[in-house]
Amino acid sequence: MKQIKAFQIGCGKMSKYIMKYLYELGGTIVGAVDINENIIGQDISTIIECDSKNILIENVNKLDDLLKKTKPNIAIITTTSYLNDISSLIRTCIVNNVNVITTCEECFYAESSNPTLFKELNILAKAYNVTVTGCGYQDLFWGSLITTIAASTHNITKIVGSSSYNVEDYGLALAKAHGAGKTLEEFKNDISSYDNITTEERKKLINEQKFTPSYMWNAVSWLADKLELTPISINQKCLPTTYKEDLYSKTLNITIKKGMATGMKAIATLETKEGITIEAECIGKVYSKEVFDKNEWTIYGEPNTTVTINKPDTVKLTCADIVNRIPDVITAPAGFLATSKISNPTYKKNY
């Protein structure tokens, strides 16, 4: 494979390790953009904390011109969590014949939560012969790890998962998406209200590109696809998390008062034609001192199996998965593909 030339879109917390890991595997960053005026004009080395790379972070408004000039193999988008918010960035990459890999959680399986936009971008990607995919921590720890265990199970009846993470580690957009810092009334109106609707009302929102899925909505859809199951229904419930004392959030730069939302517990339940239920919750919140990341999944069947991972370094694991996945995306068929439809992830010693 020719040397991988990547373009970094979004130079926040996640990009630090992604760019570092990419260089260490033999790739190179040919350009970078952001919206933050405080870092625009700086060399990317200030983010990576290394010697100068002679690549300045420029305004995202210059993306189209920069892609034409630098001609990267792939663009890495590490900005926000929802497809609607990054669709214009993806389009710009596609029409410049640039593959896309993103940490955007909805892109892990966008077909189930935003099918209209997914189909549009899928058609466009195929027309320009490029691949778009979303991955990260969930690619392994909510996906391939679970399907691997399933491969050693007979007669599965149910899959139950739970994953927790500190929203402080992922930046402002994710913290806000989890409702951190809202009053319980604001959380109810802004987030939980989407749960209190009928199935038909939810389908309408989905078809109109107005639905906000929890991260597990896309994860359980990915699992059903990888396990070749047929979904017949999917629902979610989003609940606020609180804490007994005030908590300071460095990311939000506020003190979250006792009883206010520190984040969100989102539970997604998918029923299948085959009789297997997939139920998974993700808990993203501002952590108190005694809390740590945890990932636990149980497959019920013959036999029952539980896997528990305490204190996974979710940020670095996400970034390593993104970087290891880049060759897979470049060589994958054209289209907007979930990683369930491309090769299984593998360790890359170098490119």
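Residues numbered from 1 in each chain as written. Predicted model: local features only at pLDDT ≥ 70, side-chain atom pairs only at ≥ 80, totals over all residues. Heavy atoms only, no water.

Peer 1: What exactly am I supposed to notice about the layout of surface pockets here?
Peer 2: Where empty space is left in the structure can be found by rolling a water-sized probe over the atoms. In this structure, the largest pocket encloses a volume near 990 Å³. Around the largest pocket, the lining is made up of 39 residues, and of these Gly12, Thr78, Thr79, Tyr170 and Gly171 lie nearest the centre. Taken together, the elements giving at least two residues each to the lining of the largest pocket come down to helix 1 (13-24), strand 2 (28-34), helix 4 (83-95), helix 6 (137-150), strand 7 (154-166), helix 7 (172-177) and helix 11 (314-331). The space that makes up the second largest pocket amounts to roughly 490 Å³. As for the second largest pocket, its lining consists of 20 residues, and the residues nearest its centre are Ser112, Lys203, Ile206, Trp217 and Ile234. When its residues are assigned to classes, the lining of the second largest pocket shows ten nonpolar, six polar and four charged. (1 Å grid on protein atoms, 1.4 Å probe; cavity = no way out; pocket = protein on both sides within 12 Å on 5 of 7 lines; lining within 4 Å. Points joined across faces, edges and corners; volume = space filled by probe spheres on them. Helix = DSSP H or I, 4+ residues; strand = E, 2+ residues; numbered from the N terminus. Nonpolar A, V, L, I, M, F, W, Y, C, P; charged D, E, K, R; others polar.)

Peer 1: Teacher, can you tell me more about the packing of helix 4 against helix 5 (residues 115-127) here?
Peer 2: Direction vectors running N to C along helix 4 and helix 5 enclose 10°, while the axes themselves pass 10 Å from each other. Relative to helix 5, the element helix 4 is oriented roughly parallel. Across the interface between the two elements, Leu83, Asn84, Ser87, Ile90, Arg91, Ile94 and Val95 from helix 4 touch Leu117, Phe118, Glu120, Leu121, Leu124 and Ala125 from helix 5. Of the residues in the contact of helix 4 with helix 5, the class split is nine nonpolar, two polar and two charged. (Axes fitted to C-alpha atoms, helices over the stretch in contact; angles between N-to-C directions. Parallel < 35°, antiparallel > 145°, perpendicular 65-115°, else oblique. Contact = heavy atoms within 4.5 Å.)

Peer 1: Got a minute to help me understand the environment of Glu279 in this structure?
Peer 2: Relative to the helices and strands, Glu279 resides in strand 12 (residues 277-285). Taking the relative accessible area as the measure of exposure, Glu279 reaches 28% and is therefore partly exposed. Along the chain, Glu279 and Gln42 lie 237 residues apart, while their C-alpha atoms are 44 Å from each other. Those residues within four positions of Glu279 in sequence are excluded, and the remaining contacts are Lys158, Ile159, Val160, Gly161, Ile267, Ala268 and Thr269. (Buried < 20%, exposed > 50% of the residue type's maximum accessible area, 1.4 Å probe, protein only.)

Peer 1: Would you explain empty space enclosed by the protein in this entry?
Peer 2: Summed over the entire model, instances satisfying the criterion amount to one cavity of 30 Å³ or more. When its volume is computed, the largest cavity comes out at roughly 50 Å³. Taken together, Cys107, Phe108, Tyr109, Ala110, Glu111, Phe118, Phe336, Leu337, Ala338 and Lys341 make up the full set of residues lining the largest cavity. By residue class, the composition of the lining of the largest cavity is eight nonpolar, no polar and two charged.

Peer 1: How should the nonpolar core be read in this particular structure?
Peer 2: Note that soluble globular proteins tend to have their nonpolar side chains buried in a common cluster. Residues Ile44 and Trp142 are the most contacted members of the largest nonpolar core, which totals 74 residues. Here this core takes seven residues from helix 10 (residues 215-226), the largest share from any one element. If we ignore the near neighbours within four places in the chain, the residues touching Trp142 are Tyr137, Ser163, Tyr165, Tyr215, Met216, Ala219, Leu223, Cys282, Asn295 and Trp297. In terms of nonpolar packing, the next biggest core, distinct from the first, is built from 28 residues, Val30, Ala75, Ile90 and Val100 among them. (Core = buried A, V, L, I, M, F, W, Y, C linked by side-chain atoms within 4.5 Å.)

Peer 1: Sorry if this is basic, but what is going on with unusual backbone geometry here?
Peer 2: Excluding glycine, residues mostly carry a negative phi; peptide bonds, for their part, are mostly trans. Cis geometry marks the peptide bond from Glu302 to Pro303, where omega comes out at 0°. Positionally, Pro303 belongs in the loop between strand 13 (294-302) and strand 14 (305-310). One non-glycine residue with positive phi stands out, namely Glu49, at about 65°. In this model, Asn253 sits at a positive phi of 60°, which is unusual for a non-glycine residue. Along the chain, Asn253 falls in the loop between strand 9 (247-249) and strand 10 (254-256). On the basis of relative accessible area, Asn253 is assigned to the exposed category, the value being 57%.

Peer 1: Can you help me understand the pairing of strand 11 (residues 263-272) in this one?
Peer 2: On a regular strand, one side chain projects to one face of the sheet and the next to the other, so that they alternate. With ten bridges joining them, strand 8 (residues 231-241) and strand 11 adopt antiparallel strand pairing. Looking across to strand 11, one finds that Asn235 is bridged to Thr269. As defined by bridge partners, strand 11 adjoins strand 12 across nine bridges and the pair is classed as antiparallel. Its bridge partner being in strand 12, Gly263 is matched across the sheet by Lys285. In this structure, the hairpin formed by strand 11 and strand 12 is closed by a connection of four residues, where Gly275 is found at a positive phi of approximately 90°. (Pairing = 2+ DSSP bridges.)

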